[in-house]
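# Coordinates in review
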Amino acid sequence: MTENRTYISLKPKDVAIAYLLLRILIGVNYFNHGFTRIFNIPGFAEETVKELADSYLPEFLVRINSYLVPPVELIVGVLITFGLATRSALIVTFALMIILKLGVTSIQNWGAATSMLSYGIVLFILLAGNSFNIYSLDHWRKKRQNLADSGADREQGRVNFFKNNFWIKRRLQHRLPNHNTFR
């Protein structure tokens, strides 16, 4: 009696494509959050201060954060979308989400808090799976740097080869008897 089992396996290229699409999806989301707010930061800040008026957070902290949120969202959105400084951008985004989570939970906005958990899960997947980030500017830059480094290593190897062979030949010439002296 043989047992037929179907094994599910993940192909690295498929995971890399899925990673790319998820990265772009979350990057575009953060970019648009920032882009739609960047031209009206004072209005966004005032709205946020009003919204968090009943929280235990001091108004000056809410105001400072409200002025910082749109540019940070815009910048991390661009970086994540294109896969440039991806790891750092994801860490900054996680920190941003923690700060925002502090704000929404301080006023007991549990709907927003729950929604933010799904952002956290996506950020976790992207950060934990960063080794699949092969379709990105980060990967392209790393590959280019490795090629440059290996080219420099090859060139240095050639220089060392010729330099070493030159000195070996010189040493051998000095050790060999001069054939002209025996005539």
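In the block above lies the structure referred to throughout.
Nothing here was measured: the structure is a model prediction, and the numbers come from that model.

Now for the nonpolar core. Counting residues in hydrophobic clusters, the biggest one holds 18 residues, and the most contacted among them are Ile26, Tyr30, Ile80, Leu90, Met97 and Leu126. Mapped onto this core, the elements with two or more residues apiece are helix H1 (12–38), helix H3 (59–82), helix H4 (86–106) and helix H5 (110–128). The element best represented in this core is H5, accounting for six residues.

Note that Thr93 resides in helix H4. From its side chain, Thr93 meets the backbone oxygen of Ala89 in a polar contact 2.6 Å long. When near neighbours in sequence (up to four residues on either side) are disregarded, Thr93 contacts Tyr30, Val76, Ile80 and Leu123.

So, about unusual backbone geometry. The residue Ala85 is not glycine, and still its phi comes out positive at about 55°. One can find Ala85 in the loop between H3 and H4. Note on Ala85: relative accessible area 34%, which makes it partly exposed.

Applying the stated criterion to the full structure yields three salt bridges. Between Arg37 and Glu73 there is a salt bridge whose closest N-O contact spans 3.0 Å. Of this pair, Arg37 sits in helix H1 while Glu73 sits in helix H3; the two residues are 36 residues apart in sequence, bridging distant segments of the chain. Residue Arg37 is classed as partly exposed on the basis of its relative accessible area, which comes to 24%. For Glu59, the salt bridge is made with Arg63, and the minimal N-O distance between the two is 2.7 Å. Of this pair, Glu59 and Arg63 both sit in helix H3, four residues apart, roughly one helical turn. If you follow the salt bridges from partner to partner, you end up with Glu46, Glu59 and Arg63 in one network.

Once that is clear, we can look at the packing of H1 against H5. Relative to each other, H1 and H5 sit at 135°, their axes nearing to 10 Å. By the angle between their directions, the pair H1 and H5 is classed as oblique. Note that H1 runs across H5; the crossing there is left-handed. Contacts between H1 and H5 pair Tyr19, Leu22, Arg23, Ile26, Asn29, Tyr30 and His33 from the former with Tyr119, Val122, Leu123, Ile125 and Leu126 from the latter.

The next thing to look at is H4. The end-to-end C-alpha separation of H4 is 30 Å, in line with the 30 Å expected for 21 residues at 1.5 Å each. When H4 is considered as a whole, its buried residues turn out to be Thr86, Ala89, Leu90, Thr93, Leu96, Met97, Gly103, Val104 and Ser106. Gln108 occupies a position one or two residues after H4 and carries a positive phi of about 60°.

Thresholds applied
Residues numbered from 1 in each chain as written. Predicted model: local features only at pLDDT ≥ 70, side-chain atom pairs only at ≥ 80, totals over all residues. Heavy atoms only, no water. Core = buried A, V, L, I, M, F, W, Y, C linked by side-chain atoms within 4.5 Å. Buried < 20%, exposed > 50% of the residue type's maximum accessible area, 1.4 Å probe, protein only. Helix = DSSP H or I, 4+ residues; strand = E, 2+ residues; numbered from the N terminus. Polar contact = N/O pair within 3.5 Å; in protein donor to acceptor, adjacent residues only side chain to side chain. Contact = heavy atoms within 4.5 Å. Salt bridge = Lys/Arg side-chain N within 4 Å of Asp/Glu carboxyl O. Axes fitted to C-alpha atoms, helices over the stretch in contact; angles between N-to-C directions. Parallel < 35°, antiparallel > 145°, perpendicular 65-115°, else oblique. Left-handed = near helix turned anticlockwise from the far one by under 90°. Expected span 1.5 Å × (residues − 1).

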